[in-house]
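Overview (structure and organization)
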Amino acid sequence: MDERQTYRIALVQMRSEKAAIAQNLKAMERFVAESSSQEAGIVCFPEMNITGYIDPGKYPEAVIGMEHPAILEAVEISGRYGVCLIAGLVEHNPAGKPFITQFVADHGSLLGTYRKKTIKDGEEAWFAPGDRLPVFSVSGLTFGLAVCADIDDRDIFKEHAAQGAEVVFELAAPGLYGAQETRDWSSGFNWWRGKCIDQLGVYAAELRIPIAVATQAGRTVDEDFPGGGYWFNADGNLEAETVNGDESILYADLT
């Protein structure tokens, strides 16, 4: 990375309704427009932000391929606003259960995808794990992606660092337990914040690599998400964070 160059990163804390692809895409463009106006060059969205966090059997229409019009539109949005965009979906898998996928689009071009490797805690019945751990390079910056439960596998972050990643983005949608009617939002938000500090802060310090977090936020039709935008520097310190679980954007500058 050029030591004189600063990369402004937008970490989007977004509510993504289940299977509401058009609605989520419209909201995503609003966040990209706002981030671009703040001179962010990389805009990161949470896990499954386009499709919502769905049960594939309940919402088969929201299991989509990379050729789906919504994905093509998202790639076009990255060109329209002149940014690198990182976004998520439930990706159709012709060989079996779908993947949990994040893709990278830069200035109107699709650079590639990462399929979540750590499938556990009940996801095994719905999703297949990915088997590749790519890194991506945009405007001289090399970065890796991790998705939600990947937080529990230090080796994923270690491998990114070994491949030359200068930052890792953790994109998440950890569903909150308990009844929606009696939801304690603060405890859910604090649980995810504490997990990120206890694990990602340690990885960042051990591997000497910044780690950024963008998390789904708010209430969907049948599930709630805590939110949480976090920026850990290469010392493992939590340098910037969102203040609550409301939809918002956290900006961080990487030099």
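Below is a summary of the structure that appears in this document.

The rules behind the values
Residues numbered from 1 in each chain as written. Predicted model: local features only at pLDDT ≥ 70, side-chain atom pairs only at ≥ 80, totals over all residues. Heavy atoms only, no water. Helix = DSSP H or I, 4+ residues; strand = E, 2+ residues; numbered from the N terminus. Rg over C-alpha atoms; globule rule 2.2 N^0.38 Å. Contact = heavy atoms within 4.5 Å. Areas by Shrake-Rupley, 256 points an atom, 1.4 Å probe, with all protein chains shown as cover. Lys, Arg positive; Asp, Glu negative; His and termini not counted. Charge placed at Lys NZ, Arg CZ, Asp CG, Glu CD. Buried < 20%, exposed > 50% of the residue type's maximum accessible area, 1.4 Å probe, protein only. Polar contact = N/O pair within 3.5 Å; in protein donor to acceptor, adjacent residues only side chain to side chain. Salt bridge = Lys/Arg side-chain N within 4 Å of Asp/Glu carboxyl O. Pairing = 2+ DSSP bridges. Axes fitted to C-alpha atoms, helices over the stretch in contact; angles between N-to-C directions. Left-handed = near helix turned anticlockwise from the far one by under 90°. Nonpolar A, V, L, I, M, F, W, Y, C, P; charged D, E, K, R; others polar.

**Observations concerning the overall build of the protein**
Scanning the protein from N- to C-terminus turns up four helices and 14 strands. Since a compact globule built from 255 residues should have a radius of gyration of about 18 Å, the 17 Å found for the protein is in line with a globular shape. Projecting the C-alpha coordinates of the protein onto the three principal axes gives extents of approximately 50 × 40 × 35 Å. Considering only contacts within the protein whose residues lie at least 6 apart along the sequence, 69% involve residues at least 24 apart. Surface exposure of the protein reaches about 10300 Å², of which carbon and sulfur atoms provide 48%. Of the side chains in the protein, 21 bear a positive and 38 a negative charge, and the two mean positions are spaced by 2 Å.

**Considering the side chain of Gln180**
Residue position: Gln180 is located in the loop between strand 8 (167–172) and helix 4 (185–207). Take Gln180: its relative accessible area is 19%, and that puts it in the buried class. Of the polar contacts made by the side chain of Gln180, one reaches the backbone oxygen of Thr220; its length is 3.4 Å. Contact partners of Gln180, with chain neighbours within four places excluded, come to Arg219, Thr220, Val221, Asp222, Glu223 and Asp224.

**As for the pattern of salt bridges**
Taken as a whole and judged by the stated rule, the model has 18 salt bridges. The salt bridge partner of Lys18 is Asp222, with a shortest N-O separation of 2.8 Å. One end of the pair, Lys18, is in the loop between strand 1 (7–13) and helix 1 (21–37); the other, Asp222, is in the loop between strand 10 (217–219) and strand 11 (224–226), and 204 residues separate them in sequence. Lys18 sits in the buried class, given a relative accessible area of 10%. Overlapping salt bridges bring together Lys18, Lys58, Asp222 and Glu223 as one network.

**Structural notes on the sheet that holds strand 9 (residues 211–215)**
Strand order in the open sheet formed by six strands is 6-7-8-9-12-13, and the pairing between neighbours is mixed. Either end of the sheet is taken by a strand with one partner, and the two such strands are strand 6 (135–138) and strand 13 (238–241). On average, adjacent strands in this sheet sit at an angle of 25° to one another, irrespective of strand direction. As paired strands, strand 9 and strand 12 (residues 230–232) are joined by three bridges and run antiparallel to one another. Of the residues in strand 12, the one forming a bridge with Ile211 is Phe232. Against the sheet, helix 3 (residues 154–162) makes contact with strand 6, strand 7 (141–147), strand 8 and strand 9, and its axis sits at roughly 165° relative to strand 7, the strand it touches most.

**Considering unusual backbone geometry**
Look at Met48: it is not a glycine, yet its phi comes out positive at around 55°. Among the secondary structure elements, Met48 is positioned in the loop between strand 2 (42–44) and helix 2 (69–80). For Met48, a relative accessible area of 0% corresponds to the buried category. The phi dihedral of Arg208 falls on the positive side, at around 60°, and the residue is not glycine. Position of Arg208 among the secondary structure elements: in the loop between helix 4 and strand 9.

**Observations concerning the side chain of Thr113**
With respect to the helices, strands and loops of the structure, Thr113 is situated in strand 5 (residues 109–115). A residue is classified by how much of its surface remains accessible, and Thr113, at 17% relative accessible area, is buried. Other than its neighbours up to four places away in sequence, Thr113 contacts Met66, Thr101, Gln102, Phe103, Arg132, Pro134 and Phe136.

**What to know about the packing of helix 3 against helix 4**
When two helices pack together, their arrangement is given by the angle between the helix axes and by the axis-to-axis distance. At a minimum axis distance of 11 Å, the contact between helix 3 and helix 4 shows a crossing angle of 35°. Our pair here, helix 3 against helix 4, has a crossing hand that is right-handed. Side by side, helix 3 and helix 4 meet where Arg154, Phe157, Lys158 and Ala161 of the first sit next to Leu200, Tyr203, Glu206 and Leu207 of the second. Of the residues that constitute the contact of helix 3 with helix 4, the class distribution is five nonpolar, no polar and three charged.

What is shown is where atoms sit, not what they do.
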